[in-house]
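# Examination of the molecular architecture
Chain by chain, the residues:
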Amino acid sequence: HASAISCFSQSALQSVLWLFIYLFFLRWNQKHVFITGCDSGFGNLLARQLDQKGFRVIAGCLTEKGAADLAAATSPRLKTLLLNVTDSASIRSVVEFVRREVGERGLWGLVNNAGRSVPIGPTEWMQLEDFAKVLDVNLIGVIDVTLQFLPLLKKAKGRVVNVASILGRLSLTGGGYCLSKWGVEAFSDSLRRDMQHFGIKVSIIEPGFFKTGVTSVDLINADLKRLWARLPQDVKDSYGATYLDDYIRMQGFSMNILCSPDISKVTWCMEHALTAQHPRTRYGAGWDAKFFWIPLSYLPSFVSDFVVNVLAKG
Ligand SMILES: NC(=O)c1ccc[n+]([C@@H]2O[C@H](COP(=O)([O-])OP(=O)(O)OC[C@H]3O[C@@H](n4cnc5c(N)ncnc54)[C@H](OP(=O)(O)O)[C@@H]3O)[C@@H](O)[C@H]2O)c1
Ligand SMILES: *[C@@H]1O[C@H](CO)[C@@H](O)[C@H](O)[C@H]1NC(C)=O
C-alpha cells in the first residue's frame with residue numbers, strides 16, 4: 001500500500017515536472033519576432049537561437065540563398081522572407097505578410113539588424129554617394145522598417161531592438177558608417193520617448209568589434225583599393241606612395257586583435273532586450289565595448305583623439 005502511494009506521488013511529481021518544462025517552452029510560443037539581415041552574422045544566430053527557445057521567428061533575408069540556408073537549419077515554425085531594407089515596396093510586402101501571420105496578437109519584437117560597412121575609410125577618399133550607400137541601409141532602412149511596423153508593434157505593446165555600434169558613440173573612421181550609427185542612436189532615443197505612452201520598449205545594442213561580414217578585412221580592403229585607385233594623382237601624392245599599404249596593414253593588424261569570434265555575446269543582449277521584464281535602454285556588447293570604447297567615449301575629445309591616433313598609427 002505504501003509503495004503504491006509513493007509510486008503515485010512519484011508519477012504525479014513527474015507530471016508536474018513535465019508540465020513546468022512544457023510551460024517554460026510554451027512561454028514564448030505565441031510571440032512573434034521579426035529580424036532584418038538574417039543571412040549571416042548576428043541576425044542569423046539570433047534567428048536560430050530564438051527559434052530554439054520557441055519564439056515564432058520571421059526572418060528577413062537579403063538573398064535567396066541566405067533564406068534557404070536558414071530555413072534548412074531551423075524548425076518549420078520559423079518563416080523566412082526576402083527583404084531589402086532600402087526598398088520601401090519590399091518592406092511593405094513584408095509587413096503585409098507579418099500582419100497576416102500575427103493576426104490580432106500584433107508583433108512582439110522587431111530587431112533592426114541589417115547593415116553594411118563599406119565604403120569605409122579616410123573621409124577625403126569618399127564621394128557623396130559612398131556616404132549615401134551606407135546611410136540608406138543602416139539609418140534610412142531602420143527608420144523605414146520601424147515606421148511601417150509601428151501599428152503592429154503597438155497592438156502587442158512590443159519591443160524594438162536597434163543594432164547601433166560603439167561606432168555610434170565614437171567616430172573611429174570616415175565614411176557613412178559612424179554617421180549612420182550615431183543616427184540610429186538618436187532615432188532610437190526619440191522613438192523610446194515617443195512610444196513609452198503606448199507601452200513599446202526600445203533598446204539599443206552597441207557591440208564592440210566582432211568577426212562577421214561587416215568587419216571582413218578582405219571586403220574592406222578591396223573597397224579601399226577601389227577608393228584609392230580613382231583618386232586624382234595630386235591627392236594620392238599628398239598622402240604619399242606607401243599610405244594605402246600602411247593603412248591596410250595597420251587595419252588588418254588591429255582588426256585581427258580587436259574582433260571577437262564569440263558573436264553570442266551580442267545575441268544574448270538582443271534576447272535579453274526581447275524577453276526581460278525590464279529590458280535595458282543600452283547594451284554594450286563585448287568586453288571591448290563595455291570597458292574600453294564606451295568609457296573612452298565619455299572622455300574629452302582631446303583624450304579620445306590622442307588614444308585613437310596612437311591606435312591608428314601603431
Ligand atoms: N560585427 C561587428 O563588429 C559589429 C559591431 C557593431 C555593430 N554591428 C552591426 O551589427 C549588424 C549585423 O551585422 P553583422 O556584424 O552580423 O554582419 P553581417 O554578417 O554582414 O550581417 C549583416 C546582414 O545584413 C544584410 N544586409 C546588407 N544590406 C542589406 C539590405 N539592403 N537589406 C537587408 N539586409 C541587408 C547582409 O546581407 P549580405 O551578407 O547578403 O550583404 C547581412 O546578412 C549590422 O547593423 C552591423 O552594422 C556589427
Ligand atoms: C536593394 O535595393 C536597392 C534600391 O531599391 C538596389 O539598388 C539594390 O541593388 C538592392 N540590393 C539587392 C542586393 O538586391
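Use the structure listed above.
Residues numbered from 1 in each chain as written. Chains lettered and ligands numbered in written order. Predicted model: local features only at pLDDT ≥ 70, side-chain atom pairs only at ≥ 80, totals over all residues.

## Observations concerning the overall build of the protein
When you go through the protein residue by residue, the secondary structure sums to 12 helices and 7 strands. Reported as C-alpha extents along the three principal axes, the dimensions of the protein are approximately 95 × 45 × 40 Å. Burial status across the protein gives 37% buried among its 314 residues. (Helix = DSSP H or I, 4+ residues; strand = E, 2+ residues; numbered from the N terminus. Buried ≥ 20, exposed ≤ 12 C-beta atoms within 10 Å, placed from the backbone.)

## Description of the site of ligand 1
Taken together, 28 residues lie around ligand 1, and Gly37, Gly41, Gly115, Thr212 and Gly213 are the ones closest in. With 3 residues, helix H2 (residues 41–52) is the single largest residue contributor to the shell around ligand 1. Grouping the constituent residues of the shell around ligand 1 by class yields 11 nonpolar, 15 polar and 2 charged. (Near = placed C-beta within 6 Å. Nonpolar A, V, L, I, M, F, W, Y, C, P; charged D, E, K, R; others polar.)

## A word on the pairing of strand E3 (residues 79–82)
As defined by bridge partners, strand E2 (residues 56–61) adjoins E3 across 4 bridges and the pair is classed as parallel. By the bridge assignment, Cys61 is partnered in E3 with Leu82. The handedness of the E2 to E3 crossover, carried by helix H3 (residues 64–72), is right-handed. (Pairing = 2+ DSSP bridges. Right-handed = clockwise from strand over helix to strand, strands pointing away.)

## Some details on the sheet that holds E3
Taken in spatial order, the 7 strands of this open sheet run E3-E2-E1-E4-E5-E6-E7, and their pairing is parallel. Strands with a single pairing partner mark the edges of an open sheet, and in this sheet they are E3 and strand E7 (282–285). Averaged over all pairs of adjacent strands, the angle between their axes in this sheet comes to 15°, without regard to strand direction. Relative to strand E4 (residues 109–112), strand E1 (residues 32–35) runs parallel, the two being bridged by 3 bridges. The residue bridging Ile35 from the neighbouring strand is Val111, located in E4. Along the sheet, helix H6 (residues 176–195) makes contact with strand E5 (159–163) and strand E6 (201–207), crossing E6 at roughly 160°. (Axes fitted to C-alpha atoms, helices over the stretch in contact; angles between N-to-C directions. Contact = placed C-beta atoms within 7 Å.)

## Let's talk about unusual backbone geometry
Here the residue pair Val118 and Pro119 is connected by a cis peptide bond, since its omega of 0° sits within 30 degrees of zero. Note that Pro119 resides in the loop between E4 and helix H5 (128–156). We note that Lys157 has phi near 45°; this positive angle belongs to a residue other than glycine. Among the structural elements, Lys157 can be located in the loop between H5 and E5. Under the C-beta neighbour-count criterion, Lys157 is labelled partly exposed, with 13 such atoms within 10 Å.

## Some points on the packing of H2 against helix H10 (residues 264–275)
Following both chains from N to C, one finds H2 and H10 inclined at 55°, their axes separated by 9 Å at the closest point. In terms of their interaxial angle, H2 and H10 are classed as oblique. The element H2 and its partner H10 pack so that their crossing is right-handed. The residues of H10 that touch H2, namely those facing Phe42, Leu45, Leu46, Gln49 and Leu50, are Ser264, Val266, Thr267, Met270 and Glu271. (Parallel < 35°, antiparallel > 145°, perpendicular 65-115°, else oblique. Left-handed = near helix turned anticlockwise from the far one by under 90°.)

## Brief notes about H5
Its 29 residues place the ends of H5 40 Å apart at the C-alpha level, agreeing with the 42 Å of an ideal helix rising 1.5 Å per residue. The largest bend in H5 is about 50°, located at Leu150, with the proline Pro151 one to four residues further on. Lys157 sits one or two positions beyond H5 and adopts a positive phi of about 45°. (Expected span 1.5 Å × (residues − 1). Bend = angle between axes of the 7 residues up to and from the residue.)

## What about H2?
For H2, with 12 residues, the first-to-last C-alpha span of 17 Å sits near the 16 Å given by 1.5 Å per residue. Within H2, burial applies to Gly41, Phe42, Gly43, Asn44, Leu46, Ala47, Leu50 and Asp51. Looking at the buried side of H2, the elements it contacts are E1, E2, H3, E4, E5 and H10. Immediately downstream of H2, the backbone of Gly54 shows phi near 100°, a positive value.

## Focus: the environment of Phe34
Tracing the backbone shows Phe34 in strand E1. On the basis of neighbour count, Phe34 is assigned to the buried category, with 30 C-beta atoms found within 10 Å. In the structure, Phe34 is positioned 64 residues away from Val98 in sequence and 8.2 Å away in space, judged by C-alpha atoms. Not counting residues within four places of it along the chain, the set of residues in contact with Phe34 comprises Ile58, Gly60, Val98, Leu107, Gly109, Leu110 and Phe149.

## Thoughts on the packing of helix H7 (residues 217–229) against helix H9 (residues 243–258)
The contact between H7 and H9 brings their axes to 11 Å, and the two run at 165°. One way to sum up the angle between H7 and H9 is to call them roughly antiparallel. Seen from above, H7 lies across H9 with right-handed handedness. Mapping the contact onto sequence places Val217, Asn221, Leu224 and Trp228 in H7 and Leu244, Ile248, Gln251, Gly252 and Met255 in H9.

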